[in-house]
6 protein chains.
Amino acid sequence: MIHITRREHFNAAHKLYNPKWSEEQNAEVFGKCANPNWHGHNYNLYVTVKGKVNQDTGFSVNLKELSVIIRTYVTDKLDHKNLNMDVDFLKDLMPSTENVAIAIWKILTPHVNALDCQLHCIKLCETENNYVEYFGEQ
Amino acid sequence: MIHITRREHFNAAHKLYNPKWSEEQNAEVFGKCANPNWHGHNYNLYVTVKGKVNQDTGFSVNLKELSVIIRTYVTDKLDHKNLNMDVDFLKDLMPSTENVAIAIWKILTPHVNALDCQLHCIKLCETENNYVEYFGEQ
Amino acid sequence: MIHITRREHFNAAHKLYNPKWSEEQNAEVFGKCANPNWHGHNYNLYVTVKGKVNQDTGFSVNLKELSVIIRTYVTDKLDHKNLNMDVDFLKDLMPSTENVAIAIWKILTPHVNALDCQLHCIKLCETENNYVEYFGEQ
Amino acid sequence: MIHITRREHFNAAHKLYNPKWSEEQNAEVFGKCANPNWHGHNYNLYVTVKGKVNQDTGFSVNLKELSVIIRTYVTDKLDHKNLNMDVDFLKDLMPSTENVAIAIWKILTPHVNALDCQLHCIKLCETENNYVEYFGEQ
Amino acid sequence: MIHITRREHFNAAHKLYNPKWSEEQNAEVFGKCANPNWHGHNYNLYVTVKGKVNQDTGFSVNLKELSVIIRTYVTDKLDHKNLNMDVDFLKDLMPSTENVAIAIWKILTPHVNALDCQLHCIKLCETENNYVEYFGEQ
Amino acid sequence: MIHITRREHFNAAHKLYNPKWSEEQNAEVFGKCANPNWHGHNYNLYVTVKGKVNQDTGFSVNLKELSVIIRTYVTDKLDHKNLNMDVDFLKDLMPSTENVAIAIWKILTPHVNALDCQLHCIKLCETENNYVEYFGEQ
């Protein structure tokens, strides 16, 4: 068993704003992230899968195939988009790094399983100072 | 004479869209950058100034002072903002990396001169694959 | 449950030298790190905490609050300091990367708990080639 | 118990090609990695070991000694070499990132044990977008 | 006038070996770079062009077009290739970083001119410690 | 003519303190950099030389030779040292990044000339946010 990771990326706009709260509450909790006119990030996404090494290929997973899956189901839908408005699988979610990472985990799980691998970690980096890692734990 | 550079950064939303053009023209020229609901970036800004070394301090410029100037007049106005909508010194400008860099040059020039230095270069990095450098040339 | 990481940094001087040993022993074990006049590093500190995602905020922890805690109790006390001489919580400790990371773990644990999170890992990078990770294991 | 990591690197040529397969099968599975005239990479190798902190040194392992072991038994044999042709411990192996990482694990285990530590992880980065991690799991 | 830079990359094998010389001379000058079975690198290529900012687009050059040109004429021909054997425009050249950079300059010049820009610099990074820059100077 | 750059590095302690000034003046100008017990940095040094490409080697300079010169005359004297106390060529100099870069320029010039090249730039990075470049200009 070995872990293998593929990095992909997307550039997106978002804001953190809870419509059930007052302006003051939003400002207090989210600070400048609540700017009504949005802000944005270059996101780096690291997808780690776990699998056995196939002796004919030397691969635990073919990274070309993994990359196609990540692009098709995730980054093509997020890149140059607004995470609050444009993404079907983020509907009605606060687009925090945590929630986006968990949503990506749910989207990718069946596709990674179909490659005879197991999804191990979604690491999503919002800036060079902040990132989250989700391992599927409830 | 020596060159000294300070890096600052800001995270912002923008879109590239020319209202004088049709949707088709915008899509053809700007591609996914024309998404009406915005996208965004983590921008890295490198400000290079040129000056003589003061023998009492060993400094060509005091970087604490340079940093305050860049934050006050530039990055505090750009960080967590929408470059098309929220920034006084970008009004009526297409917020391409080129135009933002040139606007920053104009803003910073008098403040750098007041430090007895000369602004040498504004380098603005939009992604790890794209950046512009402006040296004040017409 | 999700892991979230905040990077902070500090620049400090230190030396590795055991006063119970001879010069020769110190030189043999610590090499150039034993230079009596000190040397120094730009340290990168990654603090990882584990928590549940709050549905009102989308946050497992508010990174602004986590950052304030790390700066107040750790990096403000280490930045531009001498790790052998200037830091109360490193008194009588050899300031190896291991010992500094473990000391930071002890300092941060109660403050992270007060945020309804659990400290998961202190990762401390001394150079681009060397780092330690401490998970609280005895 | 603490984890400590040392980065070393090597630049090498390789190709991914299964001689039991037709050209078409090789092209389909390995794509441009099957180029008969080779291609190459700058590999970054991160070796993580786990140990107790010695109170006389502050070290879980002396990184100078760990570095010598990695260079002597691993990177000196891989650097500026052809991974398919020149390396005794990769004989008859498809030199995929997975297989090279596992081979390095086997080589380093006894030497790390001799330092009173335990090998925890071999992380091998082939490009800035791809890496594997091996933890010794069967 | 503004400078704009696009990064592309390619992974390739090569060796440095002068067939007019003895083995000893090759070993003395090129060291391990002369390994007969090749070695390789992840190359980063930065192409800087100089142009006027078009007021309708905010662009000095459309980076999508510049990227297509670099990929079509340069990196598609170098990526996952052997620089000594596989590349028409490197025929009969020692594939040192210097010579590869100069060859790329010659290839790209007419294509950049066709975009109404001027090629300013080819920066080619062989490792994180070594790079060359060519500005077209004879 | 081509520019070629070699990166080397050193880790050192220093402080910025002018003994002709009062404590208050030092604190005002140098802030935390004036800490009497020192602080330190991981410095990255980029040495750029300019030369003609030799057709037998493909080299403008042999980087192995350039690296030996930089290590022998510069980084071996700075690494794991105190820049205020331990370095002959920094005697009586305020060890600001500017002054260290200029001192390195003076040290390296004759040795680079002896390789039939011309020293073009000393770039010295103190942190990921600050660096200076010296081109030999008076």
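I will try to describe carefully the structure that is included in this document. Owing to the predicted nature of the structure, the values given are computational and were not obtained by experimental measurement.

1. Quick look at the nonpolar core
Part 1: Counting residues in hydrophobic clusters, the biggest one holds 105 residues, and the most contacted among them are Leu-108 of chain A, Leu-108 of chain C together with Leu-108 of chain D.
Part 2: Look past the residues within four positions of Leu-108 of chain C in its chain and what remains in contact with it is Val-47, Ile-69, Ile-70, Val-74, Leu-119 and Ile-122 of chain C.
Part 3: One finds Ile-122 of chain B together with Leu-78, Leu-83 and Ile-102 of chain E within the second-largest nonpolar core, a separate group that totals 103 residues.

2. Digging into the packing of helix H2 (residues 63-78) of chain D against helix H3 (residues 97-113) of chain D
Residues and elements named next belong to chain D.
Part 1: Where H2 contacts H3, the two axes come as close as 10 Å, and the packing angle between them is 155°. By the criterion of interaxial angle, the relationship of H2 to H3 is roughly antiparallel. When the axes of H2 and H3 are compared, the crossing they make is right-handed. Residue-level contacts link Leu-66, Ile-69, Ile-70, Tyr-73, Val-74 and Leu-78 of H2 to Ile-104, Ile-107, Leu-108, His-111 and Val-112 of H3.
Part 2: The residue makeup of the contact of H2 with H3, split by class, is 10 nonpolar, one polar and no charged.

3. Looking at the relation of the copies chain A and chain C
Part 1: In screw terms, the move from chain A to chain C is a rotation of 120° and a rise of 0.0 Å along the axis, fitting with an RMSD of 0.0 Å. Taken together, the rotation angle and the small translation identify this as a three-fold axis. Residue Glu-128 of chain A, judged by its C-alpha, is the member of chain A lying nearest the rotation axis, at 8.7 Å.

4. Describing the relation of the copies chain B and chain A
Part 1: When chain B is fitted to chain A, the residual RMSD is 0.0 Å, and the transformation amounts to a turn of 180° plus an axial shift of 0.0 Å. What the rotation and shift describe, once combined, is the action of a two-fold rotation axis.

5. Concerning the interface of chain A and chain C
For an interface, size is often stated in terms of accessible area lost upon the parts coming together.
Part 1: At the interface, 24 residues of chain A touch 21 residues of chain C.
Part 2: For the pair chain A and chain C, the summed buried surface comes to about 1900 Å²; carbon and sulfur atoms form 47% of the total.
Part 3: Among the residues chain A hides against chain C, the three largest losses belong to Glu-98, Asn-129 and Tyr-131 of chain A. Together they make up 30% of the total.
Part 4: Taken together, chain A and chain C are joined by three salt bridges.
Part 5: Between Glu-128 of chain A and Arg-7 of chain C there is a salt bridge whose closest N-O contact spans 3.0 Å.
Part 6: Here chain A and chain C share 13 residue pairs in polar contact (both at pLDDT 80 or more) between them.
Part 7: Among the elements of the structure, helix H1 (23-30), helix H3 (97-113) and strand S5 (130-134) of chain A are those that each provide at least two residues to the side of chain A that touches chain C.
Part 8: Of the residues forming the side of chain A that touches chain C, the biggest block, five residues, is contributed by S5 of chain A.
Part 9: Its residues assigned to classes, the side of chain A that touches chain C comprises 11 nonpolar, seven polar and six charged.

6. Quick look at the interface of chain B and chain A
Part 1: Contacts between chain B and chain A engage 22 residues on the former and 22 residues on the latter.
Part 2: Buried surface at the junction of chain B and chain A, both sides included, amounts to about 1800 Å², of which 44% is carbon and sulfur.
Part 3: Area buried by chain B at its contact with chain A is led by Asn-37, Asn-42 and His-80 of chain B, which between them contribute 32% of it.
Part 4: Linking chain B with chain A are four salt bridges, by the criterion used here.
Part 5: In this assembly, chain B and chain A are joined by 19 residue pairs in polar contact (both at pLDDT 80 or more).
Part 6: Listing elements by their share of the side of chain B that touches chain A, those giving two or more residues are strand S1 (2-14), strand S2 (39-51), strand S3 (81-82) and strand S4 (118-127) of chain B.

7. Examining the arrangement of the chains
Part 1: Chain B makes no contact with chain C; the smallest distance between any of their C-alpha atoms is 14 Å.
Part 2: There is a gap between chain A and chain E: no contact, and a shortest C-alpha distance of 14 Å.

What counts, and where the lines are drawn
- Residues numbered from 1 in each chain as written.
- Chains lettered and ligands numbered in written order.
- Predicted model: local features only at pLDDT ≥ 70, side-chain atom pairs only at ≥ 80, totals over all residues.
- Heavy atoms only, no water.
- Core = buried A, V, L, I, M, F, W, Y, C linked by side-chain atoms within 4.5 Å.
- Buried < 20%, exposed > 50% of the residue type's maximum accessible area, 1.4 Å probe, protein only.
- Contact = heavy atoms within 4.5 Å.
- Axes fitted to C-alpha atoms, helices over the stretch in contact; angles between N-to-C directions.
- Helix = DSSP H or I, 4+ residues; strand = E, 2+ residues; numbered from the N terminus.
- Parallel < 35°, antiparallel > 145°, perpendicular 65-115°, else oblique.
- Left-handed = near helix turned anticlockwise from the far one by under 90°.
- Nonpolar A, V, L, I, M, F, W, Y, C, P; charged D, E, K, R; others polar.
- Least-squares fit on C-alpha atoms with pLDDT ≥ 70 in both.
- Buried area = accessible area lost by both parts, 1.4 Å probe.
- Salt bridge = Lys/Arg side-chain N within 4 Å of Asp/Glu carboxyl O.
- Polar contact = N/O pair within 3.5 Å; in protein donor to acceptor, adjacent residues only side chain to side chain.

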